Amino acid sequence: MTDILIDAQAVGRRYVQGEVSIAAVVSATFRLQPGERVALVGPSGCGKSTLLHLMAGLDTPTSGKIEWPALGGADSLRPEKIAMVFQAPSLLEPLTVSENVAVPLLMMDSARDIDKRVADALATFGLDALAHKMPEELSGGQMQRVAMARAIAGTPRVILADEPTGQLDQATGQALLDALFAHLGETDIALVVATHDPAVAGRMERVWRMEHGRLTETVVATRTS
Ligand SMILES: Nc1ncnc2c1ncn2[C@@H]1O[C@H](COP(=O)(O)OP(=O)(O)OP(=O)(O)O)[C@@H](O)[C@H]1O
Ligand SMILES: [Mg+2]
């Protein structure tokens with residue numbers, strides 16, 4: 001059986017609004033394998049979020065083909081196999097922090113020990129004290145960490161995180177990555193992080209660079225931690 005998680009062949013995504021057509025992703029060809037840790041970098045508007053949404057099966061290419069050979073069809077990916085940490089705040093306002101983290105588990109038929117898994121996910125990111133707070137009581141950075149806890153709670157095969165440290169200061173951002181890498185350990189969970197922060201990108205073993213919708217290069221770097 002194949003272990004390729006995501007297989008993209010000449011994937012494109014064009015937005016058409018009236019007379020205007022924007023090529024957000026242009027002919028992206030790549031594969032994501034288990035255990036890979038990838039930084040997705042490039043200037044604002046280059047297509048990073050669009051590419052992550054395509055990888056999560058949340059959006060459909062307007063050209064080319066994307067498949068999840070080891071995971072299944074596009075409508076079976078989330079939340080069990082692929083966890084997405086969105087760039088925009090995505091916590092559900094009427095639910096507490098704990099309840100938000102439990103959401104993917106409650107969506108899975110097979111989830112057991114939900115309370116313990118939620119507590120463990122919160123503890124991973126040092127969020128224990130926030131468990132009973134409402135999202136409106138949190139800072140932007142705290143919301144981002146809760147969204148990351150929600151992503152790992154479901155033990156997915158792939159985590160796609162869209163600028164997860166965008167609202168964090170340098171030290172807190174590094175601490176979030178420390179916690180994430182400690183949690184991932186030597187598991188074969190694949191991680192793709194869109195980021196503008198070179199310090200974040202520098203911790204991944206591969207860097208995918210986007211420019212005007214094109215995935216221009218893949219650099220193999222040495223992971224420092
Ligand atoms: N729903 C949409 N409708 C129309 N155009 C869109 C839509 N979403 C994104 N775009 C356009 O597609 C291009 C890529 O956007 P995208 O959000 O993927 O960039 P990004 O690299 O994530 O940027 P940032 O670093 O600012 O988050 C931009 O030109 C953007 O304006
Ligand atoms: Mg974006």
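Here goes a summary of the coordinates provided. Keep in mind the model is a prediction, meaning the values are calculated, not measured.

### Describing the site of ligand 1
Then, number 1: Around ligand 1 lies a shell of 15 residues, among which Ser44, Gly45, Lys48, Thr50 and Gln87 are the nearest.
Then, number 2: Look at ligand 1: alone it shows 630 Å² of surface, and the protein chains cover 67% of it.
Then, number 3: Among the elements of the structure, strand S1 (6-17), strand S2 (20-32) and helix H1 (48-55) are those that each provide at least two residues to the shell around ligand 1.
Then, number 4: Of the residues belonging to the shell around ligand 1, the class tally is five nonpolar, eight polar and two charged.

### Side note on the pattern of salt bridges
Then, number 1: Considering all chains together, one arrives at six salt bridges under this definition.
Then, number 2: We note a salt bridge from aspartate 59 to arginine 13, for which the minimum N-O separation is 2.8 Å. One end of the pair, aspartate 59, is in the loop between H1 and strand S4 (63-67); the other, arginine 13, is in strand S1, and 46 residues separate them in sequence.
Then, number 3: Put simply, arginine 206 and glutamate 36 hold a salt bridge, and the shortest N to O gap is 2.5 Å. With arginine 206 in strand S8 (residues 206-211) and glutamate 36 in the loop between S2 and strand S3 (37-41), the pair connects residues that are 170 residues apart, well separated along the chain.

### A word on the side chain of arginine 145
Then, number 1: Locating arginine 145 in the fold gives a position in helix H4 (residues 140-153).
Then, number 2: Within the buried set, arginine 145 has no salt-bridge partner at all; the shortest N-O distance to an opposite charge, 7.3 Å, is to aspartate 169.
Then, number 3: With near-sequence residues (within four places) excluded, arginine 145 lies in contact with Phe125, Leu127, Leu168, Thr172 and Leu176.

### Some thoughts on helix H2 (residues 97-106)
Then, number 1: Of all 10 residues making up H2, seven are buried, and the element is well covered by its neighbours.
Then, number 2: Those residues of H2 not exposed but buried are Val97, Ser98, Asn100, Val101, Ala102, Pro104 and Leu105.
Then, number 3: As for H2, its buried residues are in contact with helix H3 (114-124) and H4.

### Digging into the packing of aromatic side chains
Then, number 1: Scanning the entire structure with this criterion turns up one aromatic pair.
Then, number 2: Between phenylalanine 30 and tryptophan 208 the ring centres are 4.7 Å apart and the planes differ by 50 degrees, which places this aromatic pair in the tilted class. With phenylalanine 30 in strand S2 and tryptophan 208 in strand S8, this pair connects stretches of sequence that are 178 residues apart. Comparing phenylalanine 30 with tryptophan 208, the two get one shared label, buried.

### Notes on the coordination of the magnesium ion (ligand 2)
Then, number 1: Distances from the magnesium ion (ligand 2) to its protein donors, namely Ser49 (OG) and Gln87 (OE1), fall within the range 2.0 to 2.1 Å. Residue serine 49 is located in helix H1, and its partner glutamine 87 is located in the loop between strand S5 (82-85) and H2; the two are separated by 38 residues in the primary sequence.

### So, the nonpolar core
A general tendency of soluble globular proteins is for nonpolar side chains to be buried together.
Then, number 1: Val101, Leu122, Phe125, Leu180, Leu191 and Met204 are the most contacted members of the largest nonpolar core, which totals 42 residues.
Then, number 2: The element that contributes the greatest number of residues to this core is H4, accounting for seven residues.
Then, number 3: Phe30, Leu54, Met55 and Ala56 belong to the second-largest nonpolar core, a separate cluster that totals 30 residues.

### Overview of the packing of H2 against H4
Then, number 1: As a packed pair, H2 and H4 sit with axes 8 Å apart at the nearest point and diverge in direction by 30 degrees. Viewed along their axes, H2 and H4 adopt a mutual orientation that is roughly parallel. Read as a crossing pair, H2 and H4 show a hand that is right-handed. In contact with Val97, Asn100, Val101, Pro104 and Leu105 of H2, H4 contributes Val146, Ala149, Arg150 and Ala153.
Then, number 2: When the residues that make up the contact of H2 with H4 are grouped by side-chain class, the tally is seven nonpolar, one polar and one charged.

The rules behind each value
- Residues numbered from 1 in each chain as written.
- Chains lettered and ligands numbered in written order.
- Predicted model: local features only at pLDDT ≥ 70, side-chain atom pairs only at ≥ 80, totals over all residues.
- Heavy atoms only, no water.
- Near = heavy atom within 4 Å.
- Areas by Shrake-Rupley, 256 points an atom, 1.4 Å probe, with all protein chains shown as cover.
- Helix = DSSP H or I, 4+ residues; strand = E, 2+ residues; numbered from the N terminus.
- Nonpolar A, V, L, I, M, F, W, Y, C, P; charged D, E, K, R; others polar.
- Salt bridge = Lys/Arg side-chain N within 4 Å of Asp/Glu carboxyl O.
- Buried < 20%, exposed > 50% of the residue type's maximum accessible area, 1.4 Å probe, protein only.
- Lys, Arg positive; Asp, Glu negative; His and termini not counted.
- Contact = heavy atoms within 4.5 Å.
- Phe/Tyr/Trp six-rings, centres within 6.5 Å; stacked < 30°, edge-to-face > 60°.
- Donors = N, O, S within 2.8 Å, 3.2 Å for Na, K, Ca; no water.
- Core = buried A, V, L, I, M, F, W, Y, C linked by side-chain atoms within 4.5 Å.
- Axes fitted to C-alpha atoms, helices over the stretch in contact; angles between N-to-C directions.
- Parallel < 35°, antiparallel > 145°, perpendicular 65-115°, else oblique.
- Left-handed = near helix turned anticlockwise from the far one by under 90°.

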